[in-house]
Structure formats: C-alpha cells, structure tokens
Amino acid sequence: MNTLNELAATIAQRAKADPESSWTAKLLAKGPEKCAEKFGEEAIEAVIEAVKGDREKLTYEAADVLYHLLVMLEARDVALEDVLTELARRQGLSGIAEKAARS
C-alpha cells in the first residue's frame, strides 16, 4: 500500500501545481465531473483488456484505473486513508452480509 499512499500524496501535491505544467493539475482543474468521467473511461479500458485476456495491457490499464481513482477522490476531497479504513472495516465480512447491512 505504500505505493498507493505515495501516489495519493503526489496527486495532492500536484493538485496545487500550474495546470500547464502538470497533467494531474490540468485534470483536477476541469472539475470532479471530468475526473469521474476519466476514471470511468480508464475502468472500461481495463475491463476490455480483462475480457481479451491480455495480461500486460490489463496491468497497464489497471495502473491507470488506480491513478484516476485517486485523482477522482482528490477532486471530491476523499482521503485514500478513509477508503482503506472502510476496506479494513469490511475485512472478514461476507460480501452478502455487508451488502445487506447497507440496505
């Protein structure tokens, strides 16, 4: 998880950069909706590679998905640590039971 934490910190830092000098800053300057759209595009690309069975391309697209997820979280001021805390809370729970508890 250290790599994800480092990436989240880099994204937070670059959010304050000049959009002309940083892809992350440029994306965040377009707003949360654009960040969400870009995340969705990357997720679809990952799904396509998963269906095709191309391990190398799926790995590349999965990295893009994680990056764009973190950008989307930054755009909505949701800390990676909050997501990790939620995942930790769910550990050991049945997925079926967890979903039923949300209803």
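Provided above is the structure to which this section pertains.
Reading the values: rules and limits
Residues numbered from 1 in each chain as written. Predicted model: local features only at pLDDT ≥ 70, side-chain atom pairs only at ≥ 80, totals over all residues. Heavy atoms only, no water. Core = buried A, V, L, I, M, F, W, Y, C linked by side-chain atoms within 4.5 Å. Buried < 20%, exposed > 50% of the residue type's maximum accessible area, 1.4 Å probe, protein only. Helix = DSSP H or I, 4+ residues; strand = E, 2+ residues; numbered from the N terminus. Contact = heavy atoms within 4.5 Å. Salt bridge = Lys/Arg side-chain N within 4 Å of Asp/Glu carboxyl O. Axes fitted to C-alpha atoms, helices over the stretch in contact; angles between N-to-C directions. Parallel < 35°, antiparallel > 145°, perpendicular 65-115°, else oblique. Left-handed = near helix turned anticlockwise from the far one by under 90°. Nonpolar A, V, L, I, M, F, W, Y, C, P; charged D, E, K, R; others polar.

Overview of the nonpolar core
Ala-8, Ile-11, Leu-27, Leu-28, Cys-35, Tyr-67, Leu-70, Val-71, Leu-73, Leu-80 and Leu-84 together form the largest nonpolar core, which totals 11 residues. Secondary-structure elements contributing two or more residues to this core are helix H1 (2-14), helix H2 (23-29), helix H4 (55-75) and helix H5 (80-90). When residues of this core are assigned to their parent elements, the largest contribution, 4 residues, is made by H4. If we ignore the near neighbours within four places in the chain, the residues touching Cys-35 are Leu-27, Leu-28, Val-71, Met-72 and Ala-75.

Some details on the pattern of salt bridges
Scanning the entire structure with this criterion turns up 7 salt bridges. Ionic pairing is found between Glu-37 and Lys-34, a salt bridge with its closest N-O pair at 3.3 Å. Note that Glu-37 and Lys-34 are positioned in helix H3 (residues 32-52) at a spacing of 3 residues, about one turn of the helix. Taking the relative accessible area as the measure of exposure, Glu-37 reaches 41% and is therefore partly exposed. Taking relative accessible area as the criterion, Lys-34 reaches 30% and is therefore assigned partly exposed. Residues Glu-86 and Arg-89 are paired through a salt bridge, measuring 2.7 Å at the closest nitrogen-oxygen approach. Of the two residues, Glu-86 and Arg-89 both sit in helix H5, 3 residues apart, roughly one turn of that helix. Residue classification places Glu-86 among the partly exposed residues on the basis of a relative accessible area of 28%. Here the salt bridges share partners, and the residues they tie into one network are Lys-38, Glu-41 and Glu-42.

A closer look at the environment of Ala-97
Along the chain, Ala-97 falls in helix H6 (residues 95-102). Among the residues examined, Ala-97 registers a relative accessible area of 42% and is labelled partly exposed. Sequence separation between Ala-97 and Ala-63 is 34 residues, and the spatial gap between their C-alpha atoms is 30 Å.

Some points on the packing of H1 against H4
As a packed pair, H1 and H4 sit with axes 10 Å apart at the nearest point and diverge in direction by 50°. The pairing of H1 with H4 is recorded here as oblique in orientation. The chirality of how H1 crosses H4 is right-handed. Residues Leu-4, Leu-7, Ala-8, Ile-11 and Ala-12 of H1 touch H4, and the partners they reach there are Leu-66, Tyr-67, Leu-70, Val-71 and Glu-74. For the contact of H1 with H4, a count of residues per class yields 9 nonpolar, no polar and 1 charged.

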